[in-house]
Amino acid sequence: MSQKKTINESIHKTISLEKGDFFLQYGKPCIEIGMLIKGVMRGFVYDNDGNEITTHFYQEGDMIIGSYIPNTNVVMSVEALEKCEISVANYSEVMSWVNKDKNITEIVTNEFQKLNKQLQSRLVSLLNLNSVEKYTLFLREYPSLINRIPHYYIANYLGITPTQLSRARKQFIDKCK
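The following paragraphs examine the structure supplied in this document.

1. Observations concerning the side chain of Gln59
Note that Gln59 resides in the loop between β5 (52-58) and β6 (63-64). Among the polar contacts listed, one links the side chain of Gln59 to the side chain of Ser144, at a separation of 3.0 Å. Filtering out sequence-adjacent residues up to four positions away, Gln59 remains in contact with Leu36, Gly39, Glu141, Tyr142, Ser144 and Leu145.

What follows is the structure, given as structure tokens:
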């Protein structure tokens, strides 16, 4: 007797990305939504001078979206920082099940709330905190990433230079002694 798949299981597939591959690219239609199963990814945008600005890090269990609205253009690129496995689904199809399937509704709601909280925290950090406070907040929000991603991405995310990050790390360590 075969077991019937749940809606949640039937609407997604698992893909693999190598380090440097893109899951989403700026300006392209946002037709897929993902849940990171394995690996680390970063979201980034380009400033007016063409410099990459890291806006987000994704780790295992995080939802990956390029826009809060399906089929609109992606607002940032998302790149694999190590080999990744992602559960991918059609964004419109997932959203069509919100309020119809309790599990999907709960997952989407919780992940949107988590993303919103992370974005608010990042904004407050960029505007109000010094480099040591930014680094401390990063460690609290992403404790498992400090040794998994290049420090220049962390510095870029924090809005400081790699030299400032090095000083902040030293001050943080001295403070913890």
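2. Side note on a nonpolar patch on the surface
Residues Tyr68, Ile69 and Leu119 make up a contiguous nonpolar surface patch of about 280 Å² in total accessible area. Take Tyr68: it is sitting in the loop between β6 and β7 (77-80).

3. Focus: the nonpolar core
The biggest cluster of nonpolar side chains holds 27 residues, and the ones touching the most others in it are Phe23, Met41, Tyr58, Ile64 and Ile86. Broken down by secondary-structure element, the contributors of at least two residues to this core are β2 (22-24), β3 (32-38), β6, β7, β8 (84-90), α2 (91-97) and α3 (102-128). Judged by nonpolar contacts, the second largest core, of 20 residues, contains Phe57, Leu145, Ile154 and Ala168.

4. As for the side chain of Thr54
Within the secondary structure layout, Thr54 lies in strand β5. Take Thr54: its relative accessible area is 0%, and that puts it in the buried class. Polar side-chain contacts of Thr54 include one of 2.9 Å to the side chain of Arg42. Excluding residues that lie within four positions of it along the chain, Thr54 makes contacts with Arg42, Gly43, Phe44, Arg122, Tyr153, Asn156 and Tyr157.

5. Quick word on the packing of helix α4 (residues 131-141) against helix α5 (residues 151-158)
Between α4 and α5, the shortest axis-to-axis distance is 10 Å and the interhelical angle comes to 115 degrees. With respect to α5, the element α4 is oriented roughly perpendicular. Viewed along their axes, α4 and α5 form a crossing whose handedness is right-handed. Across the interface between the two elements, Lys134, Tyr135, Phe138 and Glu141 of α4 pack against Ile154, Tyr157 and Leu158 of α5.

Scoring rules and cut-offs
- All residue numbers here refer to positions counted from 1 along the written sequence of the relevant chain.
- Residue-level local features of this predicted model are given only where pLDDT is at least 70; pairs of side-chain atoms are given and counted only at 80 or more, and the full residue set underlies all totals for whole chains, interfaces and linings.
- As a rule here, side-chain values cover all heavy atoms of the structure and leave hydrogens and water aside.
- A run of DSSP states H or I qualifies as a helix once it reaches four residues; a run of E qualifies as a strand once it reaches two. Both are numbered from the N-terminal end.
- We define a polar contact as two N or O atoms separated by no more than 3.5 Å, with the added condition that, inside protein, one atom must be a possible hydrogen donor and the other a possible acceptor, whereas residues neighbouring each other in sequence contribute only through side-chain atom pairs.
- Contacts were defined at the residue level, with two residues in contact if any of their heavy atoms lie within 4.5 Å.
- Each patch is assembled from residues with relative accessible area greater than 30% and no salt bridge, linking like charges that lie within 9 Å and nonpolar side chains (Val, Leu, Ile, Met, Phe, Trp, Tyr) that lie within 5 Å.
- Residue-level accessible areas treat just the shown protein chains as cover; the underlying method is Shrake-Rupley with a 1.4 Å probe.
- Salt bridge, as used here: a side-chain nitrogen of Lys or Arg that lies within 4 Å of a carboxyl oxygen of Asp or Glu.
- In plain words, nonpolar cores are sets of buried Ala, Val, Leu, Ile, Met, Phe, Trp, Tyr and Cys residues tied together by side-chain atoms within 4.5 Å.
- Exposed residues in this analysis have more than 50% of their type's maximum accessible area, buried residues have under 20%, and partly exposed residues fall in between, with area computed by a 1.4 Å probe over protein chains only.
- Here, axes are lines fitted to C-alpha atoms. For helices the fit covers the stretch in contact, and angles between N-to-C directions go from 0 to 180 degrees.
- An angle counts as roughly parallel when it lies under 35 degrees, as roughly antiparallel when it exceeds 145, as roughly perpendicular when it falls between 65 and 115, and as oblique in every other case.
- By convention the crossing between two helices is left-handed if the near helix lies anticlockwise of the far one by an angle smaller than a right angle, and right-handed if it lies clockwise.

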